Amino acid sequence: MAATAPVKLAWGFGGSAMQMEGAWNQGGKSPSVFDTAYIDHQTRPTYGTPFRSADHYHRMKEDLGYLGQLGATAYRFSVAWTRILPNCTGTPNPEGIKFYSDMIDEVKRQGAEPYLTMFHWDLPQSCQDQFNGWQSDRIIEVFADYANILFDNYGDRVNYWLTSNEPRANCDFCMYRPKFPPFTTTSDAVYYQCIHNSFLAHATVVRNARARSDSANWKISIPNVVDWIDPDPGAAAKEYYESTLMQIEWFFDPCFRGDYGPNIKRLLPLPEFTPAQQELMKNSCDYIGINIYNSMTNDLPADPPGETTSYTSQEAGKPSAYWPHPRPEGVRALPKMLYERYEKEVVITELGYHVPRSVEETFEQAVNDDLRVKYWEMNAPNVIALITEDNVPLTAVLAWCLIDNYEFESYEFRWGHIAVDC
């Protein structure tokens, strides 16, 4: 889908270590909470395990070659903490350091800007064992030490950094409503504290980075996922997830304004930032990183592109009901709302759509990928309009994801723009 005039926009793809790499016990890597949980597959039945994933660890250069073939100019990836610090803290693992160094070099060789994510849910089991991971405020300094190792080794080649991917979802799916490891709790208080600790860890990393002499070109953010709701009940919503405003006050206000917004604080008993922490948090994001999936607009149908029947019924008995609800209006409206609120550069750090295997009965159908083509035909005009009509400084769009991979408990859904016979 072409604009009437050229637009300046980096575009490309994303991926994450645990979902793509496999090689869970190779190259000096220690187990993550996912590895530990699924070693005994009978205890934790799933629709697949992460031990091989898409075998990206062994096929990294081959996979990244698609960036050059497709003309991508940006690529987001995550580092497995377990490959860098097998014991959660301590001495870095040289094999892990080298693997991601080689990856960054290959991304740049293919003509793409690397966007490095420090954490994408695959917490080292050693961190969980030592202090209960994200439940504990010990994670703040431990994570900052880990980030310093990444800065030391990759800061000469990486300018765009993302700290913790979607604290909301990590703390929700791995703790509050635990469907993913480490399956720790169903407590509201722990859920809120996990998100709170994630924000403080992010801000501590940013403070440390800005104190360094080699950080002049670095831009750091924390990517959050928000649902676009239209019409938005705003502060009248009874649940935070029913309101775009409430979600933004909870998940974005801290890193731009230093505290949770007033409406979400009235709705939920969130932890409080001290005055010093508010100062630490404020303006700790150099750009807006937004992951966009759900858009519910004016009660219009939210079925996936090309479908007339809800996937919820089609996917009965599968790992989860159909998600996301990818109406295209939110792709334009949500970044516009965020820019108007914070006046910062915007990067769409994830934008994607998955096709359940139940509607792709053959691998040839997966390769043809007709429904994903329809998805982009619906969304691309909104991306262009965001730049050309709304004048939002959107600098990059990162499609989720480069290749089919492991969706935390399953291979049932194809998110990739390159089909993989996982």
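Scroll up for the structure.
Figured I'd write up the structure that's included with this text. (Residues numbered from 1 in each chain as written. Predicted model: local features only at pLDDT ≥ 70, side-chain atom pairs only at ≥ 80, totals over all residues. Heavy atoms only, no water.)

Take the overall build of the protein next. When helices and strands are counted, the protein shows 17 helices and 13 strands. Looking at the protein as a whole, 59% of its 422 residues are labelled buried. Sequence separation of 24 or more characterises 76% of the internal contacts of the protein that already satisfy a separation of 6 or more. Within the structure as shown, the protein displays about 16400 Å² of accessible surface, and the carbon and sulfur contribution to it stands at 49%. (Helix = DSSP H or I, 4+ residues; strand = E, 2+ residues; numbered from the N terminus. Buried < 20%, exposed > 50% of the residue type's maximum accessible area, 1.4 Å probe, protein only. Contact = heavy atoms within 4.5 Å. Areas by Shrake-Rupley, 256 points an atom, 1.4 Å probe, with all protein chains shown as cover.)

Turning our eyes to something else, we now look at the pattern of salt bridges. Within the structure shown, the criterion is met by 21 salt bridges. Between D156 and R157 there is a salt bridge, and its shortest N-O distance comes to 3.2 Å. When its relative accessible area of 16% is taken as the criterion, R157 is described as buried. With its nearest N and O atoms 2.6 Å apart, the salt bridge here joins R414 to D404. One end of the pair, R414, is in strand 13 (residues 413-414); the other, D404, is in the loop between strand 12 (394-400) and strand 13, with ten residues separating them in the sequence. Take R414 and D404: they sit in the same class, and that class is buried. Overlapping salt bridges, with partners in common, bring together D55, R59 and E62 in one network. (Salt bridge = Lys/Arg side-chain N within 4 Å of Asp/Glu carboxyl O.)

Bringing the nonpolar core into the picture now. Core analysis: the biggest nonpolar cluster contains 115 residues, and W81 and W250 have the highest contact counts within it. Among residues more than four places away in sequence, those in contact with W81 are C88, F119, L123, P124, C127, I139, V142, F143 and Y146. A74, L162, Y287 and L398 belong to the second-largest nonpolar core, a separate cluster that totals nine residues. (Core = buried A, V, L, I, M, F, W, Y, C linked by side-chain atoms within 4.5 Å.)

Its place among the elements puts D390 in the loop between helix 17 (370-388) and strand 12. Taking the relative accessible area as the measure of exposure, D390 reaches 18% and is therefore buried. Taking the C-alpha atoms as reference points, D390 and R332, separated by 58 residues in sequence, lie 8.8 Å from one another. For D390, the residues in contact, after removing those within four places along its chain, are R332, K336 and A385.

This next bit is on the sheet that holds strand 6 (residues 224-225). Taken in spatial order, the nine strands line up as 5-4-3-2-1-12-10-8-6 in an open sheet, and their pairing is parallel. Strand pairing shows two members of the sheet lacking a second neighbour, strand 5 (219-221) and strand 6, which therefore form its edges. Where strand 6 meets strand 8 (residues 288-292), two bridges bridge the pair, whose relative direction is parallel. Bridge pairing in strand 8 places V225 opposite N291. Taken strand by strand, helix 9 (residues 188-210) contacts strand 3 (113-119), strand 4 (160-164), strand 5 and strand 6, and its axis lies near 170 degrees from that of strand 5. (Pairing = 2+ DSSP bridges. Axes fitted to C-alpha atoms, helices over the stretch in contact; angles between N-to-C directions.)

Residue placement: D369 occurs in the loop between helix 16 (363-368) and helix 17. A polar contact is formed between the side chain of D369 and the side chain of R372, at a distance of 2.7 Å. (Polar contact = N/O pair within 3.5 Å; in protein donor to acceptor, adjacent residues only side chain to side chain.)

Quick look at the packing of aromatic side chains now. All told, the structure shown has 38 aromatic pairs when counted by the stated rule. Centre to centre, the rings of W134 and F143 are 5.6 Å apart; their planes meet at 55 degrees, and the pair counts as tilted. Note on Y240 and Y241: the rings are 5.5 Å apart at their centroids and 75 degrees apart in plane angle, and the pair reads as edge-to-face. When its relative accessible area of 10% is taken as the criterion, Y240 is described as buried. Accessibility expressed as a relative area gives 42% for Y241, which makes it partly exposed. Aromatic rings pair up to connect F34, Y38, W121, F173, F180 and F408 into one cluster. Its guanidinium or amino end placed over the ring of F99, R83 lies 5.8 Å from that ring's centre, counting from NZ or CZ. (Phe/Tyr/Trp six-rings, centres within 6.5 Å; stacked < 30°, edge-to-face > 60°. Lys NZ or Arg CZ within 6 Å of the ring centre and 35° of its normal.)

Evaluated as defined, the whole model comprises three disulfides. In this model, C88 is linked to C127 through a disulfide, with the two sulfur atoms separated by 2.1 Å. Taking the sign of the S-S torsion, about 100 degrees here, the bridge from C88 to C127 comes out right-handed. With a gap of 39 residues between them, C88 in the loop between helix 4 (81-84) and helix 5 (94-109) and C127 in helix 6 (residues 125-131) connect regions that are remote in the sequence. We note that C88, like C127, is buried. The side chain of C171 participates in a disulfide bridge whose partner is C194; the two sulfur atoms lie 2.0 Å from each other. One quick way to see it: the torsion about the S-S bond of C171 and C194 is about -70 degrees, and its sign makes the bridge left-handed. Note that C171 is positioned in helix 8 (residues 167-176) and C194 in helix 9, a separation of 23 residues in sequence. Of note for the protein: the bonded cysteines, numbered N- to C-terminal, pair according to 1-2, 3-4, 5-6. (Disulfide = S-S within 2.5 Å.)

With that settled, consider the packing of helix 3 (residues 56-70) against helix 5. Running from N to C, helix 3 and helix 5 point in directions that differ by 15 degrees, and their axes come no closer than 10 Å. By the angle between their axes, helix 3 is roughly parallel relative to helix 5. Read as a crossing pair, helix 3 and helix 5 show a hand that is right-handed. Here helix 3 contributes H56, Y57, M60, K61, L64 and L67 to the contact with helix 5, which in turn contributes F99, D102, M103, E106 and V107. Of the residues in the contact of helix 3 with helix 5, the class split is seven nonpolar, one polar and three charged. (Parallel < 35°, antiparallel > 145°, perpendicular 65-115°, else oblique. Left-handed = near helix turned anticlockwise from the far one by under 90°. Nonpolar A, V, L, I, M, F, W, Y, C, P; charged D, E, K, R; others polar.)

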